[in-house]
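Results of the structural survey
As a plain string of letters, each chain reads:
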Amino acid sequence: MSDISITVRPPVGMITLRGDMTALGKATKKVAACTLPPMRMSTASDTGRLMWMSPDELMLVCDHSDADRLVVDLTQVLGTAFTTVINVSDARQIFDIKGIDVENVLSKLMPVDFDTFAETEVRRTRMAQIPAAIWRGGDHWRVMCFRSVAVYAEDVLRNAMPVGA
């Protein structure tokens, strides 16, 4: 029997920020106390985790109940800067995966070198046939996908587990 567990997280706040990274970095530091992360990395504060997603995109993962307020605060601080701030909480699903040798299970599904994966790294990738993002959440891994394919994602994760799990 495997000790690997897959947990479907309850709703999590997720805010996509796009545009000028300098402006976004200043705003996220002021509003969420998160500094601008380097490429493919994340930073964290008591407010949430700020993740680099692409050269012009960040994602702030926070408490679901704080997301709408943070969008308003970020939008206000950004003012007329060429940026967008959108609450995408209801469009995404996050899974927590933990257990011994869980990296072996995940490596069956995504082209990620888990041996070199840094503690604060975030990776956008493919998991089987769907886009996904992955990062560490302490003693476990977090996988994020679109909610529209969440059932498929959960099935793929469970099917990759060792027999008898």
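Here the structure is shown first, and the text comes after it.
Here is a short report on the structure shown in this document. Because the structure is a prediction, the values reported are computed rather than measured.

**Remarks on the packing of aromatic side chains**
A complete count under the given rule lists 3 aromatic pairs for this structure. Consider the rings of Phe114 and Phe117, whose centres lie 6.1 Å apart with planes at 20 degrees: the pair is stacked. The two residues Phe114 and Phe117 agree in class, both being buried. Here the aromatic rings of Phe114 and Trp141 are separated by 5.1 Å at their centres, their planes lie at 85 degrees, and the arrangement is edge-to-face. Within this pair, whereas Phe114 is found in the loop between helix H3 (102-107) and strand S8 (122-127), its partner Trp141 is found in strand S10 (residues 141-146), the two being separated by 27 residues in sequence.

**A look at the sheet that holds S10**
If you trace the 5 strands from one edge of the open sheet to the other, you get S1-S7-S10-S9-S8, paired in antiparallel fashion. The open sheet is flanked by strand S1 (5-8) and S8, the only strands paired with a single partner. Taking the axes of each pair of neighbouring strands and ignoring which way they run, one obtains an average angle of 30 degrees across the sheet. Pairing between strand S9 (residues 130-136) and S10: 4 bridges, direction antiparallel. Looking at the pairing, Trp135 lines up with Arg142 of S10. With respect to the sheet, helix H4 (residues 150-159) is in contact with S1, strand S7 (92-98), S8, S9 and S10, its orientation differing from that of S7 by roughly 15 degrees.

**Some points on the sheet that holds strand S2 (residues 13-19)**
Taken in spatial order, the 5 strands line up as S3-S4-S5-S2-S6 in an open sheet, and their pairing is antiparallel. Bordering the open sheet on either side are strand S3 (42-44) and strand S6 (83-87), each of which pairs with just one other strand. Shown here is a sheet whose adjacent strand axes are inclined to one another by a mean of 20 degrees, direction ignored. Where S2 lies against S6, 5 bridges are found, and the strand directions are antiparallel.

**Some thoughts on the pattern of salt bridges**
All told, the structure shown has 12 salt bridges when counted by the stated rule. Linking Glu57 and Arg18 is a salt bridge whose minimum nitrogen-to-oxygen distance equals 3.4 Å. Here the residue Glu57 occupies a position in strand S5 (residues 57-62), and Arg18 occupies one in strand S2, the gap between them amounting to 39 residues. Where Lys98 meets Asp139, a salt bridge forms, and the shortest distance between an N and an O atom there is 3.0 Å. Of this pair, Lys98 sits in strand S7 while Asp139 sits in the loop between S9 and S10, and the two are 41 residues apart along the sequence. When its relative accessible area of 35% is taken as the criterion, Lys98 is described as partly exposed. Asp139 sits in the exposed class, given a relative accessible area of 58%.

Rules of the game
Residues numbered from 1 in each chain as written. Predicted model: local features only at pLDDT ≥ 70, side-chain atom pairs only at ≥ 80, totals over all residues. Heavy atoms only, no water. Phe/Tyr/Trp six-rings, centres within 6.5 Å; stacked < 30°, edge-to-face > 60°. Buried < 20%, exposed > 50% of the residue type's maximum accessible area, 1.4 Å probe, protein only. Helix = DSSP H or I, 4+ residues; strand = E, 2+ residues; numbered from the N terminus. Pairing = 2+ DSSP bridges. Axes fitted to C-alpha atoms, helices over the stretch in contact; angles between N-to-C directions. Contact = heavy atoms within 4.5 Å. Salt bridge = Lys/Arg side-chain N within 4 Å of Asp/Glu carboxyl O.

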